[in-house]
Amino acid sequence: MRKTGAHRFTGYASAISGGLCALLVTALAAAGVQTELPAENDDGWTLRKEADNIRVYTIDHQDSSFKAFKAVATLDAPIETVMAVMMNPKSCVEWVYNCTESYAFGTGSFHDRYAYSVNDMPWPVTDRDYVLHIRTRGNRNSGEIVMDLNATPNQRAEFDNRVRVDRSDTLYRFIPEGDKTRMIWLQHTDPNGALPGWLVNSLLVDIPVRSIKALEQVAGKDRYQDFELVYDDQDRLVDVRPSEH
């Protein structure tokens, strides 16, 4: 890994990036929280697109006219640099497709926090915004890191020029594979309001493909190098910070 003098991100507000902004987001809730997502290994997943090393699947979702999607990819970046991107809220506009605004708010911790984000929509569709409850967990033994994002729309006042998404869930699973990282992205959202079918169908594929390609590129930038994962004495992930070596 390159040593480039990584920048420290300040406070828990630096604890989230991507996935704050995608329009159609699904989730596997954190431990003890009921999930509404299809299982990763459900037989109903249908392959919709394969681009380079990215595969995107969709599946019907219960009680929703919008499908869920699953994207699977291997990023040419170690998990430390990928997580350095994910922990920086400002990086949303760098890699998440159509993300125009994102920031953390309120009190919280590395494991449990809140964020606000905006997703730009093509005219004449109104932009969507999200208020998300974010949970992060990881284990030294398995090496996996999971980020869960769930809509909590009433945590912030609504804006007249944006449509608030009130049903949105997301899961990011990151698995280290040497100097690479396997990423599994599940998502589902009911975006509220009337949306044309062509737009919904294109977003189901375009969001994960474009975003994952961008994430791999952004993770290679100098400012995201030389980070390390920090675990407590029970092997639980407690931080992602610049390496002291």
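As a starting point, this report considers the structure included with it. Quick caveat, the model's predicted, so the values are computed rather than measured. (Residues numbered from 1 in each chain as written. Predicted model: local features only at pLDDT ≥ 70, side-chain atom pairs only at ≥ 80, totals over all residues. Heavy atoms only, no water.)

## Let's talk about helix 1 (residues 79-86)
- Within helix 1, seven of the eight residues are buried, leaving the element largely enclosed by the surrounding structure.
- Within the span of helix 1, buried status applies to Ile 79, Thr 81, Val 82, Met 83, Ala 84, Val 85 and Met 86. (Buried < 20%, exposed > 50% of the residue type's maximum accessible area, 1.4 Å probe, protein only. Helix = DSSP H or I, 4+ residues; strand = E, 2+ residues; numbered from the N terminus.)

## A look at the side chain of Asp 129
- With respect to the helices and strands, Asp 129 occurs in strand 6 (residues 128-138).
- A polar contact is formed between the side chain of Asp 129 and the side chain of Tyr 116, at a distance of 2.8 Å. (Polar contact = N/O pair within 3.5 Å; in protein donor to acceptor, adjacent residues only side chain to side chain.)

## Let's talk about the side chain of Arg 135
- Among the structural elements, Arg 135 can be located in strand 6.
- Asp 112 provides the closest opposite charge to the buried, salt-bridge-free Arg 135, at an N-O distance of 4.3 Å.
- Of note is the side chain of Arg 135, whose polar atom sits 3.0 Å from the side chain of Asn 150. (Lys, Arg positive; Asp, Glu negative; His and termini not counted. Salt bridge = Lys/Arg side-chain N within 4 Å of Asp/Glu carboxyl O.)

## Quick word on the pattern of salt bridges
- This model, assessed by the stated rule, comprises 13 salt bridges.
- Taking the shortest distance from any N to any O, the salt bridge between Glu 101 and Arg 162 comes out at 3.2 Å. Here the residue Glu 101 occupies a position in strand 4 (residues 99-105), and Arg 162 occupies one in the loop between strand 7 (145-151) and strand 8 (163-164), the gap between them amounting to 61 residues.
- Accessibility expressed as a relative area gives 26% for Glu 101, which makes it partly exposed.
- Within the structure, one salt-bridge network assembled from shared partners comprises Glu 40, Glu 144 and Arg 173.

## Quick look at the pairing of strand 5 (residues 112-119)
- Summarising burial for strand 5: six of the eight residues are buried, a large majority.
- Hairpin connection from strand 4 to strand 5: six residues lie between these consecutive antiparallel strands, with Gly 106 at a positive phi of about 75°.
- Of the pairings in the sheet, the one linking strand 5 to strand 6 comprises eight bridges and is antiparallel in character. Within strand 6, the residue paired with Arg 113 across the bridge is Ile 134. (Pairing = 2+ DSSP bridges.)

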